[in-house]
Amino acid sequence: MLYRTLKRMIERGNTYGMAEKLDIFFAADKLTEAEYQELTAMLEK
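### Points about the overall build of the protein
Part 1 of the reasoning: Along its length, the protein carries three helices and zero strands.
Part 2 of the reasoning: Scanning the protein from its N terminus toward the C terminus, one meets helices and strands in the order α-α-α.
Part 3 of the reasoning: Seen along its three principal axes, the alpha-carbon backbone of the protein occupies a region of about 25 × 20 × 15 Å.

### What to know about the pattern of salt bridges
Close approach of charged atoms allows side chains with opposite charge to pair.
Part 1 of the reasoning: Summed over the entire model, instances satisfying the criterion amount to one salt bridge.
Part 2 of the reasoning: As a salt-bridge pair, Lys 7 and Glu 38 come within 3.3 Å of each other at their nearest N and O atoms. Placement of the pair is Lys 7 in helix α1 (residues 2-11) and Glu 38 in helix α3 (residues 33-44), with a sequence separation of 31 residues.

### Quick look at the packing of α1 against α3
Part 1 of the reasoning: The contact between α1 and α3 brings their axes to 10 Å, and the two run at 10°. It follows that α1 is roughly parallel to α3 by the angle criterion. In this structure, α1 uses Tyr 3, Leu 6, Lys 7, Ile 10 and Glu 11 to contact α3, whose residues at the interface are Glu 35, Glu 38, Leu 39, Met 42 and Leu 43.
Part 2 of the reasoning: Among the residues forming the contact of α1 with α3, the class breakdown is six nonpolar, no polar and four charged.

About the thresholds
Residues numbered from 1 in each chain as written. Predicted model: local features only at pLDDT ≥ 70, side-chain atom pairs only at ≥ 80, totals over all residues. Heavy atoms only, no water. Helix = DSSP H or I, 4+ residues; strand = E, 2+ residues; numbered from the N terminus. Salt bridge = Lys/Arg side-chain N within 4 Å of Asp/Glu carboxyl O. Axes fitted to C-alpha atoms, helices over the stretch in contact; angles between N-to-C directions. Parallel < 35°, antiparallel > 145°, perpendicular 65-115°, else oblique. Contact = heavy atoms within 4.5 Å. Nonpolar A, V, L, I, M, F, W, Y, C, P; charged D, E, K, R; others polar.

Pasting the structure below:
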């Protein structure tokens with residue numbers, strides 16, 4: 001559920017501070033490595 005919410009936020013352009021949030025969620029094992037990589041790739045576009 002967290003993954004879908006973060007993906008939707010990125011798609012809508014709500015990216016302010018998102019890289020830091022993704023790092024924190026990944027470090028806390030709230031995102032898998034595959035999800036983390038996909039979301040960070042979306043931020044780079």
